Amino acid sequence: MNLRILARISVFSLLVVAFGAQVSLGGTAVVEPSAADRGREALTSRSFLKPEWSLEIYERVASLWEDKAPDPNTDPERYALAFARRYGLHPAPFPNDGLPMGLKRSTDPTTGRQGLQVDCLVCHGGSIGGQSFVGLGNSQLDMIGLYQDFFQADGRPIFFTGFTVNTVRGAVNAGQMAAVLISLRKPDLSRRLIPVLHGSKFPETDVPAWWNIKYKETTYYDGRTDARSVRSNMQFMLGEKSREQFEELEPTFADILAYLNSIEAPEYPFPIDAELAVRGRSIFENQCAKCHGTYVDEPSYPNLIIELDRIGTDPVRALAPSDLLVSHYNSTWFAEEYPVDELMTGYQAPPLEGVWATAPYLHNGSIPTLEHLLDSSSRPDRFRRPPSTDFEHYDTDRVGWRVEVLEPVSAEAAKRDRDRSIFDTSRYGLGNQGHTFGDALSPDERRAVIEYLKTL
Ligand code: HEC
Ligand code: HEC
């Protein structure tokens, strides 16, 4: 991995030097930003949606909290921490008007009114060990808690979607949101009064890390969308944008995709037993690489989608899009260039770079650590997720999150339970079965593979 990064850095600096020289020959010593630079700037500094809530909501929402909140004016730092803990947001690693990553100041173009909105990073911005990363899936987010509190504090009617957004923190139902929004548009994106009744029921899922996108030819957990599709990343604006506005924004989203393809995974920050990792590497290359790729010397990624009966993980997400939803989506502007594959196969075997930082594992986040993933008999069925991503909750032996294992309850009781710190594998789409490829490893071999995975 180091060699590869080095190679990339040097190619990059050569380009910058060459390009910079060219520009300075012309008299100005300014280096034009690359598409990826423009994409990062657009993603972190612009809001693409009209304000949803008033600006004051960031402070006013504390009146709903059970515990007394720190004063946002005299003690803004502690207030920010309490706010971030409650809704599962992380400090922004870029200038963001004092707001956590995922919230943005936004201006209504017609009225000039300012307010707040969420952006991609509410789901795609995370932290680990006190450091925030753009592109790390947010494993703490309580999306429904945030929406309910913000609507209530804004004096608005109770927030209602008609589907489950999340029963547990860190999971989110982006699939159903997109399915509902596209069902309200015609192929030319004009609005329909009666939605397409496509009958799809997506589950809540984990959020994939953006730094692996550069290896993928197809994206989303089911691998049915071409990774070059810019428009598929624009679906979240279907609530308000017109066809013309989408077309206008497409070049910006092409830049954003270039940025996503440039993100690198953070390196494992603790010591690694190099000898053990070398042993783990050969086991990995024998037993895992055919699906997950190789990461040394010449990295390769086979881009395989594994049939449901072979992978055996919870099938709900893969089966969620109905044929009617797919054909409707494929009839719209979004799919003109890259239609969604009409055939459902199963789940894409993801690249594993930075996998140390992306717990919990599998598409539904049902598995707290790599050790649990590679020994299916040890997986807990009901557990409490940690309250933060600080390293005190991180397990360097098993690699992933320390969770509090809870006694199983009946499926009925799990359904009624409103405690969103609890992950219950009996809920819709949250099963922790399947991917049993590590079960045959001896405990020593398993330890070696885990040590190797830390190096990716
Ligand atoms: C509400 C949370 C949420 C928001 C907001 C969101 N995403 Fe996502 N994103 C997800 C989830 C969840 C997935 C995985 C979906 C699946 O495959 O079922 C995903 C998948 C993706 C993927 C494919 C990744 C892969 O490896 O397969 C890309 C690219 C992406 N999102 C980009 C964006 C961009 C750009 C934005 C903002 C314009 C955005 N997302 C906003 C939750 C979100
Ligand atoms: C037959 C193909 C196949 C083999 C062999 C395989 N995997 Fe996987 N792996 C997958 C698929 C597919 C997924 C995604 C499943 C899902 O999310 O439901 C996955 C998921 C994972 C994940 C979770 C990634 C994440 O971000 O959540 C890890 C880690 C992983 N595999 C490691 C391994 C290791 C280590 C081995 C070898 C012992 C291995 N896999 C063998 C197909 C395979």
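Structure report, in brief. (Residues numbered from 1 in each chain as written. Chains lettered and ligands numbered in written order. Predicted model: local features only at pLDDT ≥ 70, side-chain atom pairs only at ≥ 80, totals over all residues. Heavy atoms only, no water.)

This part is about the coordination of the iron atom of ligand 1. Of all protein atoms, just one serves as a donor to the iron atom of ligand 1, and that atom is His-124 (NE2), at 2.1 Å. Structurally, His-124 can be placed in helix α5 (residues 121–124). (Donors = N, O, S within 2.8 Å, 3.2 Å for Na, K, Ca; no water. Helix = DSSP H or I, 4+ residues; strand = E, 2+ residues; numbered from the N terminus.)

Every one of the 21 residues lining ligand 1 counts as a neighbour, but Cys-120, Cys-123, His-124, Lys-216 and Arg-317 are closest to it. Within the side chain of Arg-317, an N or O atom sits 2.6 Å from an oxygen atom of ligand 1. Listed by contribution, the elements that provide at least two residues to the shell around ligand 1 are α5 and α8 (243–260). Along the lines of polarity and charge, the residues of the shell around ligand 1 split into 13 nonpolar, four polar and four charged. (Near = heavy atom within 4 Å. Polar contact = N/O pair within 3.5 Å; in protein donor to acceptor, adjacent residues only side chain to side chain. Nonpolar A, V, L, I, M, F, W, Y, C, P; charged D, E, K, R; others polar.)

Every one of the 24 residues lining ligand 2 counts as a neighbour, but Cys-288, Cys-291, His-292, Thr-313 and His-435 are closest to it. A distance of 2.8 Å separates an oxygen atom of ligand 2 from a polar side-chain atom of His-363. When contributions to the shell around ligand 2 are tallied by element, the ones reaching two or more residues are α10 (289–292), α11 (308–311), β9 (346–348) and α14 (370–374). Looking at the shell around ligand 2, the element that brings in the most residues is α14, giving three residues. Classifying every residue of the shell around ligand 2 gives 16 nonpolar, seven polar and one charged.

Bringing the sheet that holds strand β10 (residues 382–384) into the picture now. On the basis of which strands lie adjacent, the open sheet formed by three strands has the order β13-β10-β14 and antiparallel pairing. Every interior strand has two partners, whereas the edge strands, β13 (404–405) and β14 (422–424), have only one. As judged from the two bridges shared by β10 and β13, these two strands associate in the antiparallel manner. Bridge pairing in β13 links Phe-383 to Val-405. (Pairing = 2+ DSSP bridges.)

Cis peptide bonds are those with omega within 30 degrees of zero, and the linkage from Ala-359 to Pro-360 qualifies with 0°. Structurally, Pro-360 can be placed in the loop between β9 and α14. Non-glycine residue Tyr-220 carries a positive phi angle of around 70°. Positionally, Tyr-220 belongs in the loop between β6 (218–219) and β7 (225–226). With a phi close to 75°, Leu-362 is a non-glycine residue in the positive phi region. Inspection of the secondary structure puts Leu-362 in the loop between β9 and α14.

The next thing to look at is the pairing of strand β2 (residues 103–107). Note: β2 against strand β3 (residues 114–118), five bridges, orientation antiparallel. Its bridge partner lying in β3, Ser-106 is registered against Gly-115. The antiparallel pairing of β2 with β3 creates a hairpin that spans six residues between the two strands, and Gly-112 there sits at a positive phi of about 75°.

Okay, the pattern of salt bridges next. On inspection of all chains with the given rule, the structure shows 25 salt bridges. The shortest N-O distance in the salt bridge between Arg-38 and Asp-255 comes to 2.9 Å. Of this pair, Arg-38 sits in helix α2 (residues 35–45) while Asp-255 sits in helix α8; the two residues are 217 residues apart in sequence, bridging distant segments of the chain. The partner of Asp-424 in a salt bridge is Arg-382, and the shortest N-O contact between them spans 2.6 Å. In this pair, Asp-424 sits in strand β14 while Arg-382 sits in strand β10, placing the two residues 42 residues apart along the sequence. Relative accessible area serves as the criterion here: at 8%, Arg-382 is assigned to the buried category. Via salt bridges that share partners, Glu-52, Glu-56, Arg-60, Asp-154 and Arg-156 belong to a single interconnected network. (Salt bridge = Lys/Arg side-chain N within 4 Å of Asp/Glu carboxyl O. Buried < 20%, exposed > 50% of the residue type's maximum accessible area, 1.4 Å probe, protein only.)

Okay, the nonpolar core next. A general trend in soluble globular proteins is that nonpolar side chains are found buried together. In this structure, Trp-210, Met-234 and Phe-334 are the most contacted members of the largest nonpolar core, which totals 68 residues. Element by element, the count of residues in this core is highest for α8, at seven residues. Here this core spans two domains, since at least three of its residues come from each of domain 2 (34–260) and domain 3 (274–304 + 350–453). In this structure, Phe-334 is in contact with Ile-182, Leu-189, Arg-231, Met-234, Gln-235, Leu-238, Phe-246 and Tyr-329, ignoring residues within four places of it in sequence. (Core = buried A, V, L, I, M, F, W, Y, C linked by side-chain atoms within 4.5 Å. Domains from an automatic or database assignment. Contact = heavy atoms within 4.5 Å.)

When two helices pack together, their arrangement is given by the angle between their axes and by how far apart the axes lie. With their axes 8 Å apart at the nearest point, helix α4 (residues 76–87) and helix α6 (residues 143–153) run at an angle of 120° to one another. The orientation of α4 with respect to α6, classified from their angle, is oblique. Seen from α4, the contacting residues are Phe-83, Arg-86 and Tyr-87; seen from α6, they are Gly-145, Leu-146, Asp-149 and Phe-150. Considered class by class, the residues forming the contact of α4 with α6 number four nonpolar, one polar and two charged. (Axes fitted to C-alpha atoms, helices over the stretch in contact; angles between N-to-C directions. Parallel < 35°, antiparallel > 145°, perpendicular 65-115°, else oblique.)

It is worth spelling out the environment of Cys-123 at this point. Take Cys-123: it is sitting in helix α5. Spatially, the C-alpha atoms of Cys-123 and Asp-206 are 9.3 Å apart, while their sequence positions differ by 83 residues. Every residue in contact with Cys-123, bar those within four places of it in the chain, is listed here: Leu-136, Gly-137, Asn-138, Leu-141, Val-172 and Val-207.

Applying the stated criterion across every chain yields a total of three cavities of 30 Å³ or more. By volume, the largest cavity amounts to about 50 Å³. Together, Leu-43, Arg-46, Ser-47, Phe-48, Leu-49, Gln-117, Val-118, Asp-119, Cys-120 and Phe-236 line the largest cavity. Each residue belonging to the lining of the largest cavity can be placed in one class, and the counts come to six nonpolar, two polar and two charged. (1 Å grid on protein atoms, 1.4 Å probe; cavity = no way out; pocket = protein on both sides within 12 Å on 5 of 7 lines; lining within 4 Å. Points joined across faces, edges and corners; volume = space filled by probe spheres on them.)

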